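Observations on the three-dimensional arrangement
Next come the chains, spelled out residue by residue.
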Amino acid sequence: MADSVKLLFIGDIFGKSGREITREALPLLTKLHAVDLVVANVENAAGGNGITGDIAEKLFGYGIQVMTTGNHVWDKKEALTYIKEEPRLLRPANYPSEVPGRGRFITQTKSGVRIGIVNVMGRVFMNPLDNPFTVVRSEIAQLQLEHKPDVILVDMHAEATSEKQAMGWHLDGIVTAVVGTHTHVQTADERILPKGTAYITDVGMTGPHDSIIGVDVRPALKRFLDGLPARFEPAAGPPRLNAVLITANCNDGHSTEIQRFNLSTDDINSLATTP
Ligand code: FE2
């Protein structure tokens, strides 16, 4: 088994432009940084709402190996059946147990590193689910019992900064990384916590950034102005790819580095000429 492993986590892929910049970037980023595993939050990959089987298959084809989600996972109803057949697509583990799908997955890299991924969702300013702080510990315990992972990544899909920071401290030294998703705005607080867990409050959004969290500005702004219902569409305009690259020690499961990416298409094209 290798001594270290590199995990690339891509923040909420939003709509077609988010998928396209992911398709362009992934071969370059994985080669340049010798990435071992690519994980992405895909809950808004289908037109800005939900995920479908066809789109998930495309994203797997681009090089994403495991997908996480959140409150929008069921926006496209076919996800309810697709998720039963595709264990690499996770839903938050703290949904009731009878809900289709699972919130944890184990995979192994080519170099033999076992990687566990856990997806949970916050409860502050979100629909109430089971307690993510207790559920995440039981999911980790199950992974350890069944698979003995070398490293574990947790996607904490949540609105409140405080709840995400609390999850980071709750799991410091227990998992390799806690990455926040959902708010679509990347935070600049990436760090390694004292006991070795990489942490960022929000990885950000991979999609159109001239927008209001992904959707066209005009209807979203209008709704704030007049309070009337409005139909939201994904914004046009150039996308950006938001992600973090986590480097971890496979012997103790702790992180040694977390690097943040916020890349335009031009930035990605310039990677192609990087020696
Ligand atoms: Fe979300």
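We now examine the overall build of the chain. Counting its secondary structure elements, the chain contains seven helices and twelve strands. Computed over C-alpha atoms, the radius of gyration of the chain comes to 18 Å, within 12% of the 19 Å expected from 2.2 N^0.38 for 275 residues, which places it in the range of a compact globule. For the chain, restricting intrachain contacts to residue pairs at least 6 apart in sequence, the fraction spanning at least 24 positions comes to 66%. Carbon and sulfur atoms make up 52% of the accessible area of the chain, which totals about 11,900 Å².

Moving on, we come to the sheet that holds strand β9 (residues 198-200). Spatially, the six strands line up as an open sheet ordered β4-β5-β6-β7-β9-β8, and their pairing is mixed. Single-partner strands in this sheet number two, and they are β4 (104-108) and β8 (191-192). Two strands pair when backbone bridges link them, and strand β5 (residues 114-121) and strand β6 (residues 151-157) are joined in this way by seven bridges, in the parallel orientation. By the bridge assignment, Asn119 is partnered in β6 with Asp155. Running over the sheet, helix α4 (residues 132-147) touches β4, β5 and β6 and is turned about 160 degrees from β5.

Our next topic: the side chain of Arg91. For Arg91, the position within the fold is in the loop between α3 (79-85) and β4. For the buried Arg91, no salt bridge exists, and the shortest N-O distance to an oppositely charged side chain is 6.7 Å, to Glu139. Here Pro100 takes part through its backbone oxygen, which lies 3.0 Å from a polar atom of the side chain of Arg91. Within the structure, Arg91 has its side chain in polar contact with the backbone oxygen of Gly101 (distance 2.9 Å). Discounting chain neighbours no more than four positions away, the residues touching Arg91 are Thr69, Val73, Trp74, Ile83, Pro96, Ser97, Val99, Pro100, Gly101, Arg102, Gly103 and Asn119.

Our next topic: the coordination of the iron ion. Surrounding the iron ion are the protein donor atoms Glu43 (OE), Asn71 (OD1), His157 (NE2) and His182 (ND1), at 2.0 to 2.2 Å. If you look at the iron ion, its four donor atoms make angles of 88 to 157 degrees with each other, and the shape they trace is irregular. Mapping the donors of the iron ion onto the primary sequence yields the spacing E-x27-N-x85-H-x24-H. Residue His157 is found in strand β6, and its partner His182 is found in the loop between β7 (177-181) and β8; the two are separated by 25 residues along the sequence. With relative accessibility at 0%, the residue His157 sits in the buried group. A relative accessible area of 13% places His182 in the buried class.

Between helix α1 (residues 15-32) and helix α2 (residues 53-62), whose axes approach to 9 Å, the crossing angle comes to 20 degrees. Between α1 and α2, the angle falls in the class roughly parallel. The interaxial crossing formed by α1 with α2 has left-handed handedness. Together, Arg19, Glu20, Arg23 and Leu26 of α1 and Ile55, Leu59 and Tyr62 of α2 make up the contact between the two elements. By residue class, the composition of the contact of α1 with α2 is four nonpolar, no polar and three charged.

Ranked by internal contacts, the top residues of the largest apolar core, which has 39 residues, are Leu8, Val42, Ile51 and Leu59. Secondary-structure elements contributing two or more residues to this core are β1 (4-10), α1, β2 (37-41), α2, α3, β11 (239-249), β12 (255-264) and α7 (265-271). In terms of residue count, α2 provides more of this core than any other element does, five residues in total. With residues up to four places along the chain from it excluded, the contact list for Val42 reads Ile13, Gly50, Ile51, Leu59, Met67, Thr68, Thr69 and Leu89.

This next bit is on a nonpolar patch on the surface. There is a patch of nonpolar side chains on the surface, built from Val217, Leu221, Phe224 and Leu225 and spanning about 450 Å² of accessible area. With respect to the helices and strands, Leu221 occurs in helix α6 (residues 217-226). Owing to a relative accessible area of 41%, Leu221 belongs among the partly exposed residues under this scheme.

For the rest of this paragraph, the subject is the packing of aromatic side chains. Counted according to the given criterion, the structure contains one aromatic pair. Over the ring of Phe60 we find Arg88, and its NZ or CZ is 3.7 Å from the ring centre.

Conventions adopted
Residues numbered from 1 in each chain as written. Predicted model: local features only at pLDDT ≥ 70, side-chain atom pairs only at ≥ 80, totals over all residues. Heavy atoms only, no water. Helix = DSSP H or I, 4+ residues; strand = E, 2+ residues; numbered from the N terminus. Rg over C-alpha atoms; globule rule 2.2 N^0.38 Å. Contact = heavy atoms within 4.5 Å. Areas by Shrake-Rupley, 256 points an atom, 1.4 Å probe, with all protein chains shown as cover. Pairing = 2+ DSSP bridges. Axes fitted to C-alpha atoms, helices over the stretch in contact; angles between N-to-C directions. Buried < 20%, exposed > 50% of the residue type's maximum accessible area, 1.4 Å probe, protein only. Lys, Arg positive; Asp, Glu negative; His and termini not counted. Salt bridge = Lys/Arg side-chain N within 4 Å of Asp/Glu carboxyl O. Polar contact = N/O pair within 3.5 Å; in protein donor to acceptor, adjacent residues only side chain to side chain. Donors = N, O, S within 2.8 Å, 3.2 Å for Na, K, Ca; no water. Tetrahedral: all angles 85-135°; square planar, octahedral: opposite > 155°, others 65-115°. Parallel < 35°, antiparallel > 145°, perpendicular 65-115°, else oblique. Left-handed = near helix turned anticlockwise from the far one by under 90°. Nonpolar A, V, L, I, M, F, W, Y, C, P; charged D, E, K, R; others polar. Core = buried A, V, L, I, M, F, W, Y, C linked by side-chain atoms within 4.5 Å. Patch = residues over 30% accessible without salt bridge, like charges linked within 9 Å, V, L, I, M, F, W, Y side chains within 5 Å. Phe/Tyr/Trp six-rings, centres within 6.5 Å; stacked < 30°, edge-to-face > 60°. Lys NZ or Arg CZ within 6 Å of the ring centre and 35° of its normal.

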